[in-house]
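Take a look at the letters that make up each chain.
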Amino acid sequence: KVIAATNNMEMLNTILNLLLPPLTIIFLIIFYPFYLLIKLVSSIHKHLRFENVAGKVVLITGASSGIGEHLAYEYAKKGAYLALVARRKNLLERVAETSRQLGSGDVVIIPGDVANVDDCKKFIDETVQHFGKLDHLINNAGVSQTLHFEDFTQIQDANHIMDINFWGSTYITYFAIPHLRKNKGKIIVTTSAAANIPLPLSSVYSASKAALVRFFETLRVELNPDIKITIVFPGFISTDMTTLHFIAKTGSDFILSESVSKCAKAIFDGIGRGETHIEEPSWMKSIFLVKNVCPEIVDYVLGYLNSRYLKPCCKCD
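The name that an unreviewed UniProt entry assigns to the protein chain is 3-oxoacyl-[acyl-carrier-protein] reductase, with the source organism given as Thlaspi arvense. Taken verbatim from the UniProt record of the protein chain, the Subcellular location (unreviewed entry) comment is "Membrane". Taken directly from UniProt, the Sequence similarities (unreviewed entry) text for the protein chain runs: "Belongs to the short-chain dehydrogenases/reductases (SDR) family."

(A) Examining the nonpolar core more closely. Residues L59, F123, I124, L134 and F216 are the most contacted members of the largest nonpolar core, which totals 47 residues. At 8 residues, helix α5 (residues 159–182) tops the list of elements feeding residues into this core. Residues contacting L134, with those up to four places away along its chain left out, are V57, L59, I124, T127, V128, A176, H179, L180 and N183. Formed by 29 residues, the second largest nonpolar core is a distinct cluster that contains A80, I138, C263 and I278.

(B) Looking closely at helix α3 (residues 89–102). Taking 1.5 Å of rise per residue, the 14 residues of α3 would be expected to cover 20 Å, and the 20 Å separating its terminal C-alpha atoms lies within 8% of that figure. Packed against the buried residues of α3 are α2 (66–77), β2 (81–86) and β3 (107–111). Note on α3: the residue one or two positions beyond its end, G103, has a positive phi of about 135°.

(C) The arrangement of α2 in detail. Over its 12 residues, α2 runs 17 Å from end to end, which matches the ideal 16 Å to within 8%, given 1.5 Å per residue. Across the 12 residues of α2, 10 count as buried, placing the element largely inside the fold. One or two residues past the end of α2 sits G79, with phi positive at roughly 85°.

(D) View of the packing of α5 against helix α6 (residues 203–223). Contact geometry for α5 and α6: axes closest at 8 Å, N-to-C directions at 15°. Viewed along their axes, α5 and α6 adopt a mutual orientation that is roughly parallel. Crossing of α5 against α6: the hand is right-handed. For the pair α5 and α6, the contacting residues are I161, M162, N165, F166, S169, T170, T173, I177 and R181 in the first and V204, Y205, A207, S208, K209, A211, L212, F215, F216, L219 and L223 in the second. Here the contact of α5 with α6 is built from residues that sort into 13 nonpolar, 5 polar and 2 charged.

(E) Seen up close, the environment of R220. As for its position among the elements, R220 is in helix α6. Linking R220 and I187, residues 33 residues apart in sequence, is a C-alpha distance of 9.3 Å.

(F) Local environment of a nonpolar patch on the surface. Together, M11, L12, I15, L16, L18, L19, L20, L23, I25, I26, I29 and I30 give the surface a local cluster of nonpolar side chains, amounting to about 1200 Å² of exposed area. Relative to the helices and strands, I15 is located in helix α1 (residues 2–48).

(G) Looking closely at the pattern of salt bridges. All chains considered together, the criterion is met by 12 salt bridges. The partner of D226 in a salt bridge is R181, with the nearest N and O atoms 3.0 Å apart. Residue D226 is found in the loop between α6 and β6 (228–234), and its partner R181 is found in helix α5; the two are separated by 45 residues along the sequence. Between D226 and K184 there is a salt bridge; the shortest N-O distance is 3.0 Å. Taken together, the positions of D226 in the loop between α6 and β6 and K184 in the loop between α5 and β5 (186–190) put the pair 42 residues apart, joining distant regions of the chain. Exposure remark for D226: the relative accessible area of 22% places this residue in the partly exposed category. A relative accessible area of 53% means that K184 is categorised as exposed. Through salt bridges with shared partners, one network takes in E51, K56 and K186.

(H) The arrangement of the pairing of β2 in detail. Most of β2 is tucked away: 5 of the 6 residues are buried. Sheet topology places strand β1 (residues 57–61) next to β2; 5 bridges connect them, and they run parallel. Each residue of the ladder has a partner; that of L59, found in β2, is A83. The β-α-β motif built from β1, the intervening α2 and the parallel element β2 has right-handed crossover chirality. As paired strands, β2 and β3 are joined by 5 bridges and run parallel to one another.

Criteria and cut-off values
Residues numbered from 1 in each chain as written. Predicted model: local features only at pLDDT ≥ 70, side-chain atom pairs only at ≥ 80, totals over all residues. Heavy atoms only, no water. UniProt positions renumbered as here; feature names shortened; annotations may be inferred. Core = buried A, V, L, I, M, F, W, Y, C linked by side-chain atoms within 4.5 Å. Buried < 20%, exposed > 50% of the residue type's maximum accessible area, 1.4 Å probe, protein only. Helix = DSSP H or I, 4+ residues; strand = E, 2+ residues; numbered from the N terminus. Contact = heavy atoms within 4.5 Å. Expected span 1.5 Å × (residues − 1). Axes fitted to C-alpha atoms, helices over the stretch in contact; angles between N-to-C directions. Parallel < 35°, antiparallel > 145°, perpendicular 65-115°, else oblique. Left-handed = near helix turned anticlockwise from the far one by under 90°. Nonpolar A, V, L, I, M, F, W, Y, C, P; charged D, E, K, R; others polar. Patch = residues over 30% accessible without salt bridge, like charges linked within 9 Å, V, L, I, M, F, W, Y side chains within 5 Å. Areas by Shrake-Rupley, 256 points an atom, 1.4 Å probe, with all protein chains shown as cover. Salt bridge = Lys/Arg side-chain N within 4 Å of Asp/Glu carboxyl O. Pairing = 2+ DSSP bridges. Right-handed = clockwise from strand over helix to strand, strands pointing away.

What follows is the structure, encoded as structure tokens:
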């Protein structure tokens, strides 16, 4: 019986291997025009029903600088209440004061480390105790990597990248879900273009961001329709974590980098429209398309840049 079942499964897989590719192409040819029309109508609908965040409670991790800081300012301008989380208390106080001046009626700072599960529970508990609710959770905290994988002094040195970038977002999300569900809230997670593109010097960083994408896409299915999830894919943005590290490694600025304020404004607008994915700058969508359709081209170009400009070290026995 086992042999017969195995043979049946192999036959079924052989049939699917032969039939599914052409059937998929035929289906896409017929369905894709209708899909584009639905997307167009949906886009118009989203623009007409932009979310009003005045009086809503927004918790932002990694709010002391970069994208997190400027997202706080965008929300503040629209009258949202803010809970700002990061490790550097002095910088949080500066961001909080600026947010109040821009129009936020109430701002609290909660210093701590997203890699610590107890701190993540504290972030949610103190926010809800202070404001009485939670509407938006923005998982933005993260650390970067500008090192070839083989150049780690100890492989354990890579652990903190995954701890902060992946577990830091999942811990706090776990504690936030019951409160977000009450208000039909939103989760926004900042990943990276590196989640889709194999950028040199970012192997573990890319893995942590790719893990976030798959985790939150799965969570979107699990939590639908109670909680909406937006996944953000920033490219090269002029923040301490990206451009400055790039300068330190290569000795030059990156001409295609985008200002952090412009990036934050685009993300805020996408959140307000209820987008499921936000690529910023938007031209990154073209790179993602090429990577999906012709991955060898992207691999070749990035491999050339790595060997030509980033100079991986040579370890000999």
